[in-house]
Amino acid sequence: MEKLEKTYLEKSISYSQYMQMMHKLVSKEKTSGLDQSPEKIEYTKLNEYRMIRLEKTVHINEYLARTVQSVSKKWIWIILAEAWCGDVAQNIPVLEKIANINPLISTHYLLRDENLPLMDQYLTNGGRAIPKLICYDAETLLPIGHWGPRPLAAQQLMFDLRSQEPPLSFEEIHQPLHKWYTDNKTHDLQNEMERLIKTWIG
């Protein structure tokens, strides 16, 4: 278990700063990272819309809220993200709302491609999939657990879509994935976080 290097905390940004970054990128027709392709710029615009919608519509269920309120130690949530990533947009507004229930939980956002040594400690099937949430004990800076890049049912759907022969296009994969998110209304994410937080409390 590798301790969290304080340099990551020092260069992290808050959720509000992350959203300010999103607004700025969209206004300048840009995205985060080196790949400034038209596709990723378009995804960034769509992701800003998704995040604003989720901020307005998501309500944390009472069971999860009660579990979060029972956290009695200070936790640091490091969340690795990028502006162009659809899974990031579908999940981090919910993670932020969950953390905001308890003042003992602080969230810190980092761009994945600028922090690959940390990202590479938490690969998904060998890939740098995001978002990735890593929960640390604020006193020891040791990791308690992690979540990501998407709810398990969505992860299975992604695996099934990527296993198709002949291979599906990007749109053929991501259209049903985002339909899943819309239909699921964050239920799976909230249920998974409730179970995880209970195990992290110990």
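For the structure, check the block above.
Residues numbered from 1 in each chain as written. Predicted model: local features only at pLDDT ≥ 70, side-chain atom pairs only at ≥ 80, totals over all residues. Heavy atoms only, no water.

Q: Could you clarify how one ought to interpret helix α7 (residues 152–162) in this entry?
A: Note on helix geometry: an α-helix contains 3.6 residues per turn, so any two residues three or four positions apart are oriented the same way. Within the sequence span of α7, burial applies to Ala154, Gln155, Met158 and Leu161. When α7 is viewed along its axis, its buried side chains cluster within an angular range of 125° and face the same direction. Summarising the geometry of α7, the exposed residues directed more than 90 degrees from the buried face are Leu152 and Phe159. For α7, the secondary structure elements touched by its buried residues are α8 (170–184). (Buried < 20%, exposed > 50% of the residue type's maximum accessible area, 1.4 Å probe, protein only. Helix = DSSP H or I, 4+ residues; strand = E, 2+ residues; numbered from the N terminus. Arc of directions from axis to C-beta. Contact = heavy atoms within 4.5 Å.)

Q: In this structure, what is going on with the sheet that holds strand β3 (residues 132–137)? I would like to understand it.
A: Spatially, β2-β1-β3-β4 is the arrangement adopted by the 4 strands of the open sheet, whose pairing is mixed. Both edges of this open sheet fall to β2 (105–111) and β4 (143–147), since each of them pairs with a single strand only. Strand-to-strand, the axes of this sheet are offset by a mean angle of 20°, without reference to chain direction. Looking at chain direction, β3 and β4 are connected through 4 bridges and run antiparallel. Bridge pairing in β4 links tyrosine 136 to proline 143. (Pairing = 2+ DSSP bridges. Axes fitted to C-alpha atoms, helices over the stretch in contact; angles between N-to-C directions.)

Q: Explain the packing of aromatic side chains here, please?
A: Aromatic ring pairs are described here by two measures, namely the spacing of the ring centres and the angle between the planes. Scanning all chains against the criterion turns up 6 aromatic pairs. Ring geometry for tyrosine 18 versus tyrosine 109: centroids 5.8 Å apart, planes at 40°, classification tilted. In this pair, tyrosine 18 is assigned in helix α2 (residues 15–27) and tyrosine 109 in strand β2, connecting sequence segments 91 residues apart. By relative accessible area, tyrosine 18 is classed as buried at 1%. (Phe/Tyr/Trp six-rings, centres within 6.5 Å; stacked < 30°, edge-to-face > 60°.)

Q: Where do I start with the nonpolar core in this structure?
A: It is characteristic of soluble globular proteins that their nonpolar side chains tend to be buried jointly. Judged by nonpolar contacts, the single largest core of 49 residues is most densely connected at Tyr18, Trp77, Ile92, Leu118, Leu133, Met193 and Ile197. Leaving out residues up to four positions away in the same chain, methionine 193 has contacts with Leu64, Trp77, Leu95, Ile98, Leu133, Trp147 and Trp200. Of all hydrophobic cores here, the second largest spans 7 residues; its members include Met158, Ile173, Trp180 and Tyr181. (Core = buried A, V, L, I, M, F, W, Y, C linked by side-chain atoms within 4.5 Å.)

Q: Just checking my understanding: could you explain the pattern of salt bridges for this structure?
A: A pair can form between side chains of opposite charge whenever their charged atoms are brought close. Using the criterion set out here, one finds 9 salt bridges in the structure. In this structure, glutamate 42 engages lysine 45 in a salt bridge whose closest nitrogen and oxygen atoms are separated by 3.2 Å. With a gap of 3 residues between them, glutamate 42 and lysine 45 both fall in helix α3 (residues 38–57), about one helical turn apart. Overlapping salt bridges bring together Glu29, Glu42 and Lys45 as one network. (Salt bridge = Lys/Arg side-chain N within 4 Å of Asp/Glu carboxyl O.)

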